[in-house]
Structure formats: structure tokens, C-alpha cells
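Take a look at the letters that make up each chain.
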Amino acid sequence: MKRILVIGIGVTLLLILLLFSMTYTVSFHEVGIHSRFGQTSENSIVRKAGLHFRLPFFADSVSLLDTRLKIHQSPLEMLQTSDGQQIVVKAYLLWKIDSEGDSPLNFFRAYGSSDAAKSTIDGQFRDALSALS
């Protein structure tokens, strides 16, 4: 009798883990990019908030992209004006992923994640600040 109980508990836990690996949640401020075996299409964008289903982790993957406004600030930089004065500048940059149309899919194909995009933005932001001097 104990053996049947242990097997039953084991099967129940296995089913719960399998069900957990087949669901994902998209928040109201996120867009999901659903890819099957690494391939995306125009239907890969998930905008509707809530619980969604997918194939297990080895077949489908979902990347969640935050569509809220993000702020990026530069460190303090010394710049020289055209009249030779030294000034200290701190610049701010606001950016976000547009959730309309194919923009989230294009963003995902270009960068893959917000962290990869942030490193690209860091370099461009630094170049733009140094061009001011």
C-alpha cells in the first residue's frame, strides 16, 4: 500500500512539473515573443495579458519584453564648450519597446533581450555625448 502511495505522489509531482513547464504568464506591461525551435513568425507576438500555454521547454521558448518607459543616465562627464569653458554634464535618455505592429518582433530579432539592447544603447549614448565636446 505504501508503494502505491509513493508512486501516486511521484506521478502527481511529475504532472505538476510538466504542467508548470507548459505555461507562462504575460503581464499587462509586457509583450511575449513565442518561438518554436528557435524560429519566430508574425504570429509569435503575444500581447494579451494572462496565462498562456506552450509546448514543453525543449520545443517552445518565450521571451518577455518589458514595454514600460526605461531611463538611462550617463555618468558625470567633463565637456569643453566652444568658448573654452569646462562644464560638467549628466545626460538622460528615455527609451521603450513599442508594443504596436511588428516592432516587438523586430526588436527581438535584432537584440534578443532588453539587456543586449541596453549595451548597444550605452555605446551609442556615450558616442553621442563625446560628439558634443
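Located above this text is the structure these notes cover.
Residues numbered from 1 in each chain as written. Predicted model: local features only at pLDDT ≥ 70, side-chain atom pairs only at ≥ 80, totals over all residues. Heavy atoms only, no water.

### Topic: the environment of L55
Using the following cut-off: Here a strand is any run of E in DSSP of at least two residues, a helix any run of H or I of at least four, and the numbering for each starts at the N terminus. A 1.4 Å probe rolled over the protein chains alone gives each residue an accessible area, and that area as a share of the maximum for its type sets the label: buried under 20%, exposed over 50%, partly exposed in between.
Along the polypeptide, L55 turns up in the loop between β4 (50-53) and β5 (60-66). Looking at L55, the relative accessible area reads 35%, which means it is partly exposed. With 36 residues separating them in the primary sequence, L55 and L19 have C-alpha atoms 9.7 Å apart.

### Overview of the packing of aromatic side chains
Test applied: Note on aromatic contacts: the rings of Phe and Tyr and the six-membered ring of Trp form a pair at centre separations within 6.5 Å, being stacked when their planes are under 30 degrees apart, edge-to-face when over 60 apart, and tilted otherwise. Here, a charge over a ring is recorded when the distance from Lys NZ or Arg CZ to the ring centre is within 6 Å and its angle to the ring normal is within 35 degrees.
In the structure shown here, the tally under the stated rule is 1 aromatic pair. The ring of W95 carries K70 above its face, with NZ or CZ at 4.9 Å from the centroid.

### With respect to the pairing of strand β7 (residues 77-80)
Regular strands place side chains that alternate from one sheet face to the opposite one. Selection criterion: A pair of strands is considered paired only if DSSP assigns at least 2 bridges between the two.
Bridge count between β7 and strand β8 (residues 86-89): 4 bridges; the pairing is antiparallel. What sits directly across from E77, in β8, is V89.

### Digging into the sheet that holds β5
Strand order in the open sheet formed by 3 strands is β3-β2-β5, with antiparallel pairing between adjacent strands. The open sheet has two edge strands, β3 (45-46) and β5, and neither has a second partner. The sheet contact formed by strand β2 (residues 30-36) and β3 spans 2 bridges and is antiparallel. Note on β3: the bridge partner recorded for I33 is I45.

### Regarding the nonpolar core
Inside soluble globular proteins, nonpolar side chains tend to come together where they are buried. What counts, and what does not: Put simply, buried Ala, Val, Leu, Ile, Met, Phe, Trp, Tyr and Cys residues joined by side-chain atoms within 4.5 Å make one nonpolar core. By the convention used here, residues are in contact when the closest approach between their heavy atoms is within 4.5 Å.
By size, the foremost hydrophobic cluster in this structure holds 11 residues: V31, I33, I45, L65, W95, I97, L105, F107, F108, A117 and I121. Here this core takes 3 residues from helix α2 (residues 103-111), the largest share from any one element. Not counting residues within four places of it along the chain, the set of residues in contact with L105 comprises I33, T40, S41, E42, S44 and I45.

### Concerning helix α1 (residues 2-21)
The test is simple: A helix is expected to span 1.5 Å for every residue after the first.
Look at α1: 29 Å from first C-alpha to last across 20 residues, which is about the 28 Å you get at 1.5 Å a residue. In terms of burial, α1 is largely open, as just 1 of its 20 residues are buried.

### Comments concerning α2
Note the threshold: This arc is built from the directions going out from the helix axis to the C-beta atoms.
Taken together, the buried positions of α2 are P104, L105, F107 and F108. Within α2, the buried residues cover an arc of 160 degrees as seen down the axis, which keeps them to one side. Count one or two residues on from α2 and you reach G112, which has phi positive near 90 degrees.

### Comments concerning the environment of V89
Position of V89 relative to the elements: it lies in strand β8. Taking relative accessible area as the criterion, V89 reaches 18% and is therefore assigned buried. Residues V89 and F125 lie 36 residues apart in sequence; the distance between their C-alpha atoms is 13 Å. Once you skip the residues sitting within four places of it in the chain, V89 turns out to touch P75, L76, E77 and L79.

### Re the side chain of H72
What counts here: Nitrogen and oxygen atoms within 3.5 Å of one another constitute a polar contact, given that in protein one can donate a hydrogen and the other can accept it, and given that sequence-neighbouring residues count only through two side-chain atoms.
As for its position among the elements, H72 is in strand β6 (residues 70-73). On the accessibility criterion, H72 (12% relative accessible area) is buried. A polar contact of 2.6 Å, which involves the side chain of H72, links it to the side chain of D122. With sequence-adjacent residues up to four places away left out, H72 is seen in contact with A91, Y92, L93, K118, D122 and F125.

### As for the side chain of D60
Along the chain, D60 turns up in strand β5. Among residues more than four places away in sequence, those in contact with D60 are H34, S35, R36, R54 and L55.

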